[in-house]
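For reference, the chains in residue letters:
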Amino acid sequence: MAHDHDHDDHEHSELSDTQLRVRALETVLTEKGYIDPAALDAIVEAYETRIGPRNGAAIVAKAWTDPAFKQALLADASKAVTPLGHISRVGDHLIAVENTAKTHNMIVCTLCSCYPWEILGLPPIWYKSAPYRSRAVKDPRGVLADFGVTLPKDTEIRVWDSTAETRFMVLPMRPPGTEGWSEAQLAELVTRDSMIGTGVPKGPK
Amino acid sequence: MDGIHDMGGMDGFGKVEVEQNEPPFHEKWEGRVMAMVRAIGANGGLNIDMQRFSRESLPPVVYLESSYYQKWFLALERSMLARGMIGADEIERGHSLHANPPLSRGTFAMKDVERIMTRGSFAREPRAKAAYAVGDRVRTKNIHPATHTRLPRYARDKAGVVERINGCHVFPDTNAHGKGDNPQWLYTVVFDGRELWGPDSDPTLKVSIEAFEPYLDRA
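Just so we're clear, the structure is a prediction, and the values are computed from it rather than from any experiment. (Residues numbered from 1 in each chain as written. Chains lettered and ligands numbered in written order. Predicted model: local features only at pLDDT ≥ 70, side-chain atom pairs only at ≥ 80, totals over all residues.)

Draft legend 1. Expanded view of the pairing of strand E3 (residues 184-192) of chain B. Residue and element names in this part refer to chain B. Counting buried positions along E3 yields seven of nine residues, so the element is predominantly enclosed. Here strand E2 (residues 159-169) pairs with E3 via six bridges, running antiparallel. Counted as the bridge partner of Arg164 is Thr188 from E3. Pairing between E3 and strand E4 (residues 205-212): seven bridges, direction antiparallel. By the bridge assignment for E4, Asp192 is matched with Lys206. (Buried ≥ 20, exposed ≤ 12 C-beta atoms within 10 Å, placed from the backbone. Helix = DSSP H or I, 4+ residues; strand = E, 2+ residues; numbered from the N terminus. Pairing = 2+ DSSP bridges.)

Here it is in structure tokens:
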């Protein structure tokens, strides 16, 4: 117990140290005229409220219901998504890759944490963690098992390592039993992980 | 550099642990760090490749023990110190004590926020035609620069196929060191799992990297 208690105190003081150091740096940068703290507030707020996996889910649902959009998305995702500024301010270099009965796609960044922020928001901790980054390129089926996903033995697994400024999103397969569903209904089935390739969309209830 | 960040294929890190309903930030300071990094980057202080190299250059033990945004913070502080944008005495005091040249695009202010919500372009005008075409067989180079590179260790000296040409982009290997955009053609190169991991590899596995032309030779 005494040891645990000491350990807790240690972690607590480390955390406070980081908080203090971050605050000090922000003050220095503000006084130097490098940043306006109000602009930092606005960036944080955007990622807390506006930019997240719902953006990507809307794009997937549109691709499931609009064959011309799907074709355009797979041909040039940045070009296809740019007119949808209300959904995502995607910018350049987005590549959408399609899951089929034959091929399952997974996205990773083994070197750091490259991730399609404009489509999915900030990456979850696991995506940036050593277990995922180390194993995704070597044992993707083992990684999928950690997510409770099992694929047929003969499905080709294609892992995309994001080693440059190109960014990837997976277009998952539309769940069966959703014929006639609206884009809004379908978007509810699209999970963040299904667009990274570590999950599949939810099924119809 | 052959650093701890280059994790592809390493064993021993264990299971992927998923946090349910994870918030964008777990602590307020994490959001401040993310925003500072974006702001300093966007207004010309440090480019993305400099920031990546600074994170990679953290001592391996620090890299592994620090949380994600701790790494971002430590790397930001280090690279601003190294470039003379801030002083150690200022960090100590928590206040600006010296005059420094402004960022090339000035103070990062409210007017700049919307600009960074749209991802910027890394495409640059090519200086030559692409050396490879889709379908070409290539071999990645066996290189081990002590400087920044985006060719992961597991994919060096491996035979693969050009699958896509993604345009001509800023070359991170020079941009990280302030040596300019040096635009290079960027390809998606796909490898068979067995080429990367040997005969015991999952036979259904294919892995691609985004490879700049200087990383490749014709196979």
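Draft legend 2. Region of interest: the environment of Ile43 of chain A. With respect to the secondary-structure elements, Ile43 of chain A resides in helix H2 (residues 37-49). What Ile43 of chain A contacts, discounting residues up to four positions off in sequence, is Ala35, Arg38 and Val113 of chain B. (Contact = placed C-beta atoms within 7 Å.)

Draft legend 3. Spotlight on the interface of chain A and chain B. With 65 residues of chain A at the contact, the number on the chain B side is 68 residues. Of all elements in the fold, only helix H1 (2-31), H2, helix H7 (125-128), helix H8 (130-135), helix H9 (140-146) and strand E3 (156-161) of chain A reach the threshold of two or more residues within the side of chain A that touches chain B. Among the elements that line the side of chain A that touches chain B, the one with the most residues is H1 of chain A, at ten residues. Bridge analysis of E3 of chain A against E4 of chain B gives five bridges, and the strand direction is parallel. Bridge assignment links Arg158 of chain A to a residue of E4 of chain B, and that residue is Lys206 of chain B.

Draft legend 4. Looking closely at the domain arrangement of chain A. For chain A, the assigned domains read domain 1 (2-35) and domain 2 (53-196). For domain 1 of chain A versus domain 2 of chain A, the distance between C-alpha centres works out to 36 Å. (Domains from an automatic or database assignment.)

Draft legend 5. Structural detail: the domain arrangement of chain B. Residue and element names in this part refer to chain B. When cut into domains, chain B gives domain 1 (28-117) and domain 2 (137-218). When each unit is reduced to the centre of its C-alpha atoms, the spacing between domain 1 and domain 2 is 28 Å. With five residues of domain 1 at the interface, the matching set in domain 2 holds four residues. Taken together, the residues that form the side of domain 1 that touches domain 2 break down as two nonpolar, one polar and two charged. (Nonpolar A, V, L, I, M, F, W, Y, C, P; charged D, E, K, R; others polar.)

Draft legend 6. Region of interest: the nonpolar core. Of all hydrophobic cores here, the largest spans 70 residues; its most connected members are Val60, Leu94, Val108 and Val159 of chain A together with Ala211 of chain B. With seven residues, helix H3 (residues 53-65) of chain A is the largest single contributor of residues to this core. Those residues in contact with Val60 of chain A that lie beyond four places of it in its chain are Leu171, Pro172, Val190 and Met195 of chain A. Membership of the second largest hydrophobic core comes to 36 residues, among which are Val22 of chain A together with Ala75, Leu76 and Val113 of chain B. (Core = buried A, V, L, I, M, F, W, Y, C linked by C-beta atoms within 7 Å.)

Draft legend 7. Representation of helix H2 (residues 48-56) of chain B within the structure. Of all nine residues in H2 of chain B, eight are buried; the element is thus mostly enclosed. Each element contacted by the buried residues of H2 of chain B is listed here: helix H1 (28-42), helix H4 (68-82) and helix H7 (172-175) of chain B.

Draft legend 8. Region of the structure containing the packing of H2 of chain A against helix H6 (residues 110-117) of chain B. Between H2 of chain A and H6 of chain B, the least distance of the axes is 8 Å, while the angle of their chain directions is 30 degrees. One finds that H2 of chain A runs roughly parallel with respect to H6 of chain B. Crossing angle aside, the handedness with which H2 of chain A passes H6 of chain B is right-handed. In this structure, H2 of chain A uses Ala38, Ala39, Ala42, Ile43 and Ala46 of chain A to contact H6 of chain B, whose residues at the interface are Met110, Asp112, Val113 and Met117 of chain B. Of the residues belonging to the contact of H2 of chain A with H6 of chain B, the class tally is eight nonpolar, no polar and one charged. (Axes fitted to C-alpha atoms, helices over the stretch in contact; angles between N-to-C directions. Parallel < 35°, antiparallel > 145°, perpendicular 65-115°, else oblique. Left-handed = near helix turned anticlockwise from the far one by under 90°.)

Draft legend 9. Examining the sheet that holds E2 of chain B more closely. Spatially, the seven strands line up as an open sheet ordered E2(A)-E3(A)-E4(B)-E3(B)-E2(B)-E1(B)-E5(B), and their pairing is mixed. Every other strand in the sheet has two partners, leaving strand E2 (103-108) of chain A together with strand E5 (216-218) of chain B as the edge strands with one partner each. Geometrically, the sheet is characterised by an average inter-axis angle of 35 degrees between neighbouring strands, direction not taken into account. Where strand E1 (residues 137-140) of chain B lies against E5 of chain B, three bridges are found, and the strand directions are antiparallel. Bridge pairing in E5 of chain B places Thr140 of chain B opposite Leu216 of chain B.

Draft legend 10. Representation of unusual backbone geometry within the structure. Residues and elements named next belong to chain B. A positive phi is found at Asp157, a non-glycine position, where the angle reads about 55 degrees. Mapping Asp157 onto the fold places it in the loop between E1 and E2. Even without being a glycine, Asn182 presents a positive backbone phi close to 40 degrees. By the secondary structure assignment, Asn182 is in the loop between H7 and E3.

Draft legend 11. Representation of H4 of chain B within the structure. Residues and elements named next belong to chain B. For H4, with 15 residues, the first-to-last C-alpha span of 21 Å sits near the 21 Å given by 1.5 Å per residue. Most of H4 sits inside the fold, with twelve of its 15 residues counted as buried. Of all the residues in H4, the buried ones are Tyr68, Tyr69, Gln70, Lys71, Trp72, Phe73, Leu74, Ala75, Leu76, Glu77, Ser79 and Met80. Where H4 terminates, the next one or two residues include Gly84, which has phi positive at roughly 70 degrees. (Expected span 1.5 Å × (residues − 1).)

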